[in-house]
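Structure at a glance
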Amino acid sequence: MRRIAITPILILAAAAFLSIAGADRFEPAEDLPAGALILAETRDLSKAISAWERSETGKKFLESRSFRELSDRRLALRLASRWKEFSEGVGSKIDLAFLRSVSERDAALAVYDPAKLDLVFLTPVSQTIYEASVLFGLRDRFEEHRTDKGTVFYSKDFQADNGRQDEQILFGQIRGRLVVATDRKLFEATEANILGNGNRRSLARDPAYSELKRGAKDGLLTVWIDQQALNKDYYFRRYWTGKDVKALDEYRSGIFSVAIDNGTVTEHRRYLLSHERDPELLPSSAVAQLRRTVPEGAAYFRISSGSANSAASEVVGAMFSDRYQRGGREERLRLFSSHGGFYEDERYDGYYRLDDRFEHRIDEDDERSVMTAPVRTSGLKRLESAFGRGRTGILAVRDPEGLEFPFFADLKRGGAVLVPQDFDESRFRSIVAEIASMQAGAAGQDLGLNWNIEQSAGNSVNSLELPMLGREFAYVLEGRKLIFANSLELVGRMLDGGDANDSNPNPRAISEVAVLDLGRGTSEFEEIFGRLNPEANENDFFNGNIASLLAAISAVDRITVETRPGKRVIEKTITFHARPE
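Bear in mind that the values here come from a model prediction, so they are computed numbers and not experimental data.

Formed by 30 residues in total, the largest nonpolar core has its most connected members in L383, F387, F428 and V432. Secondary structure elements with two or more residues in this core: α15 (308–319), α18 (374–385), α19 (425–440), β15 (459–466), β16 (471–478) and β17 (481–485). The element best represented in this core is α15, accounting for seven residues. Ignoring anything within four residues of it in the chain, the contact list for V432 reads V315, M319, L383, W451, L464 and F473.

Structural data, given as structure tokens:
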């Protein structure tokens, strides 16, 4: 009886302890003022710094040509300049050792203005750690003040941006929190939240944050962004992204957490949508069926839920180029804005003096040439009709092994589509032959292409030679699975399958899963670009910049991306698998 009586007492004691521990858990969004555009937080700042310092990948990247060229870009130079100005304002170099000295474990950094770099740094510290920190040791270089609520803080004014901008740094300890801010209003707003006086106006009360944070996974580092607010920020649009931000309008906010386990890095992403939409799910059985078609040794494959337009685009893309793929807006973000001139006079079609938009628009695709191609205006639309009206499962495969074409180097491209029961194969063959003839012939000349049929392992392998391009297109209809590629050899490997994972690693339905095998891709990369430009040196973009980036991430064996949609939230899991030693 005594043992029975003691049990509920122990349960109550444990519950009390857990409630106290939970109440003491550092939740920076509760203390930080509302209005932050970016929030980065870590549960162990020292551990995060140590992980970076021990990272061989990080060291190789910092020594790479890719990083040197990135450092020379305008945004990087501006950030480095502002960071140097902050260090000079504080009176000490703000580096990793400096950050270690001001934090015991948890820490958070919130950015309120990307242009001015208005920010608040927050970390719980004991009085002993606070007084022993490098920052507190520099207090004699600051002016001592006291807020209306009685908090002692230190501030210093300085000029930034070559004297064009007045800046300020403030720091102080508030109820066991070290607060560093670049604006007095931000400092006092943080103080009000920590002291809990009156109505809190904290970031935690923003639905764009709280709705994502509830389901976010804990990690060594977590970053939240207010995407909707960033899209309206001129500095973000102009310097932080070269993309058309309209492509990001469907996202209200996002949160990303990074975890490290035995050399494997996993990033969990959650996006809050601006508007609810029906999730486009692909059953796990469909994923498994397509995954069994992935050939052994494939450098990249993607399995996704797609429309008839996506299926038709994948077929045409395998025949000619990924440039012809144009999936629906729901499947992939457009990386570039619609084509437009970047000359001072938009009406002038020839070369003229470039204005300041050239730098961030130079990489745009010339979509006009794609949109006016015959395949865009007629063939592709008719090819869509062969795949029905519903959504289906689509596999895309890319093999970097160079095809020995006489005119240019290319990749082996293939895929598979789960077709409807009433799939009209004869119509498919007719339309594909017409598209191939229109694209390969001069001025849409009909080349009179004919299909060849061979039997292989009980399957009818259909192939179409494209003599003008020195290539072929082949397909096999295996039950309700249409397998195709620009190489008979790749079609054969897809029929054999061989991917190590025969089923979806997550039994839940998904909208997309992709795997990039860096070991396979890197080895073929050097051969392809070496053949394209045998005289290239390290100053060449591919043989220099890209090659150095691949060398920096050589410890990564493969990358997997899994996407799970919802009505309001989209989840992505990105895993960087370490190369076996």
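Moving on from the model shown.
Before going further, it helps to spend a moment on a nonpolar patch on the surface. Nonpolar side chains collect at one region of the surface, where W52, L62 and L96 lie side by side and expose about 270 Å² of accessible area between them. Tracing the chain through its elements places W52 in helix α3 (residues 45–54). Of the residues examined, W52 reaches a relative accessible area of 44% and is grouped as partly exposed.

Glancing now at the pairing of strand β19 (residues 556–564). In terms of burial, β19 is a largely internal element, seven of the nine residues being buried. Relative to β19, strand β18 (residues 512–517) runs antiparallel, the two being bridged by six bridges. Residue D517 lies in a different strand from β19, and its bridge partner there is R558. Strand direction decides the pairing type here: β19 and strand β20 (residues 569–578), joined by eight bridges, are antiparallel. By the bridge assignment, I559 is partnered in β20 with F576.

Averaged over the chain, the pLDDT score is 76; the fraction of residues at 70 or greater is 70%. The element-level mean pLDDT for the chain is lowest in helix α1 (residues 2–23), coming to 37, with β17 highest at 95. Residue range residues 324–375 is modelled with pLDDT below 50. Its contacts to residues more than four positions away, or to other chains, number 98 contacts. In this model, residues 500–504 is a region of pLDDT below 50 whose contacts with residues beyond four sequence positions or in other chains number 10 contacts.

In this approach, a probe sized like a water molecule rolls over the atoms, and the result shows the empty space that is left. This structure, assessed with the given rule, holds three cavities of 30 Å³ or more. Taken as a whole, the largest cavity encloses approximately 60 Å³ of empty space. Lining the largest cavity are E41, T42, R43, K213, A216, K217, D218, G219 and T222.

About the criteria used
- Numbers given to residues run from 1 along each chain, matching the order in which its sequence is written.
- Only residues with pLDDT of at least 70 are given local features in this predicted model, and only at 80 or more are side-chain atom pairs given and counted; all residues enter the totals for whole chains, interfaces and linings.
- In computing side-chain properties, one takes all heavy atoms of the structure into account and sets aside hydrogens as well as water.
- We define the nonpolar core as a collection of buried residues of types Ala, Val, Leu, Ile, Met, Phe, Trp, Tyr and Cys that are connected through side-chain atoms lying within 4.5 Å of one another.
- With a 1.4 Å probe rolled over the protein chains alone, any residue whose accessible area is under 20% of its type maximum counts as buried; one over 50% counts as exposed, and the rest are partly exposed.
- Here a strand is any run of E in DSSP of at least two residues, a helix any run of H or I of at least four, and the numbering for each starts at the N terminus.
- Two residues form a contact once any of their heavy atoms are found within 4.5 Å.
- Within this analysis, patches are made of residues with over 30% relative accessible area and no salt bridge. Like charges are joined at 9 Å or less; nonpolar side chains (Val, Leu, Ile, Met, Phe, Trp, Tyr) at 5 Å or less.
- We get accessible surface area from the Shrake-Rupley algorithm with a probe of 1.4 Å; when it comes to residues, only the shown protein chains can shield them.
- By convention in these notes, a salt bridge is any Lys or Arg side-chain nitrogen within 4 Å of a carboxyl oxygen on Asp or Glu.
- Two strands are said to pair when DSSP picks up at least two bridges between them.
- Each residue carries a pLDDT score, the predictor's confidence in it, ranging from 0 to 100.
- The definitions used throughout rest on a 1 Å grid laid over the protein atoms alone, on which a cavity is an enclosed set of points accommodating a 1.4 Å probe that cannot get out and a pocket is an open set flanked by protein within 12 Å on both sides along at least five of seven lines; lining residues are those having an atom within 4 Å of a point.
- Grid points are joined across faces, edges and corners, and a volume is the space filled by probe spheres set on the points.

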